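Residue strings, one per chain:
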Amino acid sequence: MVSLSPGTALRGMYVIFALMMVAPALAHAPRGEPLSRAQARSHAQALSMLGRDLFHDARLSASGHMACSSCHDDAHAFAPANNLPVQYGGPDMHRQGHRAVPSLMYLQDVPQFAEHFFDSEDEANESPDNGPTGGLTWDGRVDTARGQGEIPLLSPYEMANASRGDVLRRVLAAGYGPRLDGLALTPADDRFGLIVEALATYQQEPGLFYPYTSKYDAVLAGRARLSPQEALGRDLFERVDKGNCASCHVSQPGHDGTPPRFTDYGLIALGVPRNHAIGLNTNPAYFDLGLCGPDRTDLSDHPEYCGLFRTPSLRNVATRHVFFHNGVIRSLRQAVAFYVLRDVRPWMWYPTGPDGRVLVYDDLPVRFHANINMDPPFGPRPGNRPALSDDEINAVVAFLGTLTDGYFQPMGKAR
């Protein structure tokens, strides 16, 4: 069950005060007329405050025990606070999900999903086709924070509302009706649309969802230095002949100086092991194929996409308890080791068949194994030697620890 923080009552008083301040500003704009810049700012602020309160309110769920923050905990980079591979929800909180819950941080610049993504829009640049890229959720099936926010509200194994109308009824029963009415710009405004818009607006709060306050950000700003082990880890992370992590998890600032997001927004098949802790996986015929199903249905006729999942940002990755789309890996060091040892020590990750052969890539049907990424450090290696030693794996993990936010205050000094 979710309990609100001790400051909830005080925040509620602040919300009422803020809405009293917003209401006069909106009153100067006739319904249906464009808002002034000041009115638009006030409207966005009120939406964000409503979104924050809805985000933490378990009364929006069919069970009455699940809020958005149940799986996206503020103190854990808006990811789960527990170490379960997947979360439980549904009308009675006993229904198990089938994918690990990702963080909601650093999603502000994820591009819309495209099957063919080019780094440059200039055709003369001859930018290579990077294939499926962008979109939110593990399979990129929605392009907006509004679309993403609607999924858990209606998912039968999450908040389990049967319809948008059920969501609205629960929101009104929780006492949010006057605030929704105050935010409607026209009498015909869709109240459910306002609910998901409020959640989406809250998730655009930069200080919460993309603060860029990690040690690595301080290093890029010249306000801190990496330790020798962290510096080695960054070098190994970026070197093509070693970790080659930066090929997907971009670690350099953008051409305009924007901090790196540590993702290229691509979708990739990694061949992670099957997680037998997920109930659906007890059926040997069931497979989560990512981009081509089961949750996403519009690309089911694209076998070349089966097994592909979105590359998440590595920011705050050291705060996570489980890794990859099915939560099968339980530590950050193990996750890094998987990249290094998947194909040179396959028996460490996959089961062995009756004939003694290792059943590699056991969570993807054999007919889709050609989709699995073989870029270094994956694939065969000379002498079957891993690309990274144990000490080098530790160094990469140390570098990843510098991506955790909270190292410094945005306007303060690095520690």
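Up top you'll find the structure we're talking about.
Residues numbered from 1 in each chain as written. Predicted model: local features only at pLDDT ≥ 70, side-chain atom pairs only at ≥ 80, totals over all residues. Heavy atoms only, no water.

*Asks:* Quick one: what's the story with the packing of helix H4 (residues 145-154) against helix H7 (residues 191-202), residue by residue and with numbers?
*Replies:* H7 packs onto H4 with a crossing angle of 110 degrees between their chain directions and a minimal axis gap of 8 Å. Considering the angle they form, H4 stands roughly perpendicular to H7. Contacts between H4 and H7 involve Ala145, Arg146, Glu150 and Leu153 from the first element and Phe192, Gly193, Val196, Glu197, Leu199 and Ala200 from the second. Residues belonging to the contact of H4 with H7 are distributed by class as follows: six nonpolar, one polar and three charged. (Axes fitted to C-alpha atoms, helices over the stretch in contact; angles between N-to-C directions. Helix = DSSP H or I, 4+ residues; strand = E, 2+ residues; numbered from the N terminus. Parallel < 35°, antiparallel > 145°, perpendicular 65-115°, else oblique. Contact = heavy atoms within 4.5 Å. Nonpolar A, V, L, I, M, F, W, Y, C, P; charged D, E, K, R; others polar.)

*Asks:* Break down helix H12 (residues 390-400) for me, with residues and values.
*Replies:* Taken together, the buried positions of H12 are occupied by Glu392, Ile393, Ala395, Val396, Ala398, Phe399 and Leu400. The elements touched by buried residues of H12 are helix H9 (215-220), helix H10 (228-238) and helix H11 (332-341). (Buried < 20%, exposed > 50% of the residue type's maximum accessible area, 1.4 Å probe, protein only.)

*Asks:* I'd like a rundown of the nonpolar core, residues and numbers included.
*Replies:* Phe237, Phe324 and Leu400 are the most contacted members of the largest nonpolar core, which totals 46 residues. Elements with a minimum of two residues in this core: H10, strand E3 (267-268), H11 and H12. The element best represented in this core is H11, accounting for seven residues. One finds Leu60, Leu107, Leu180 and Tyr212 within the second-largest nonpolar core, a separate group that totals 38 residues. (Core = buried A, V, L, I, M, F, W, Y, C linked by side-chain atoms within 4.5 Å.)

*Asks:* I'd love a proper account of the state of the cysteines, names of residues and values included.
*Replies:* One pass over the structure, following the stated rule, counts one disulfide. A sulfur-sulfur distance of 2.0 Å marks the disulfide that ties Cys292 to Cys306. Its torsion about the S-S bond being 125 degrees, the disulfide of Cys292 and Cys306 is classed as right-handed. Of this pair, Cys292 sits in the loop between E3 and strand E4 (309-310) while Cys306 is found in the loop between E3 and E4, placing the two residues 14 residues apart along the sequence. The class of Cys292 is buried, set by a relative accessible area of 7%. Exposure remark for Cys306: the relative accessible area of 3% places this residue in the buried category. Here Cys68 is not disulfide-linked; the sulfur of Cys71 is the nearest cysteine sulfur, at 8.9 Å. (Disulfide = S-S within 2.5 Å.)

*Asks:* Let's hear about the packing of H10 against H12: which residues, and what values?
*Replies:* Where H10 meets H12, the closest approach of the two axes is 7 Å, and the angle between their N-to-C directions is 100 degrees. Considered as vectors, H10 and H12 are oriented roughly perpendicular to each other. The residues of H12 that touch H10, namely those facing Gln229, Glu230, Leu232, Gly233, Arg234, Leu236 and Phe237, are Glu392, Asn394, Ala395, Val396, Ala398, Phe399 and Leu400. Considered class by class, the residues forming the contact of H10 with H12 number eight nonpolar, three polar and three charged.

*Asks:* Outline the packing of aromatic side chains, supporting the account with residue identities and numerical values.
*Replies:* The relation between two aromatic rings is expressed through the spacing of the ring centres and the mutual angle of the planes. Counted according to the given criterion, the structure contains 17 aromatic pairs. Plain terms: the ring middles of Phe338 and Trp349 are 5.3 Å apart, the flat faces sit at 85 degrees to each other, and that makes the pair edge-to-face. With Phe338 in helix H11 and Trp349 in the loop between H11 and H12, the pair connects residues that are eleven residues apart, well separated along the chain. In this pair, the class of Phe338 matches that of Trp349, namely buried. The structure contains a cluster of three or more aromatic residues connected by ring pairs, namely Phe324, Phe338, Tyr339, Trp349 and Phe378. (Phe/Tyr/Trp six-rings, centres within 6.5 Å; stacked < 30°, edge-to-face > 60°.)

*Asks:* Could you give an account of the environment of Gln252, with specific residues and numbers?
*Replies:* Among the structural elements, Gln252 can be located in the loop between H10 and E3. Taking relative accessible area as the criterion, Gln252 reaches 44% and is therefore assigned partly exposed. Along the primary structure Gln252 and Glu238 are separated by 14 residues, whereas in three dimensions their C-alpha atoms are 9.4 Å apart. What Gln252 contacts, discounting residues up to four positions off in sequence, is Tyr216, Glu238 and Pro260.

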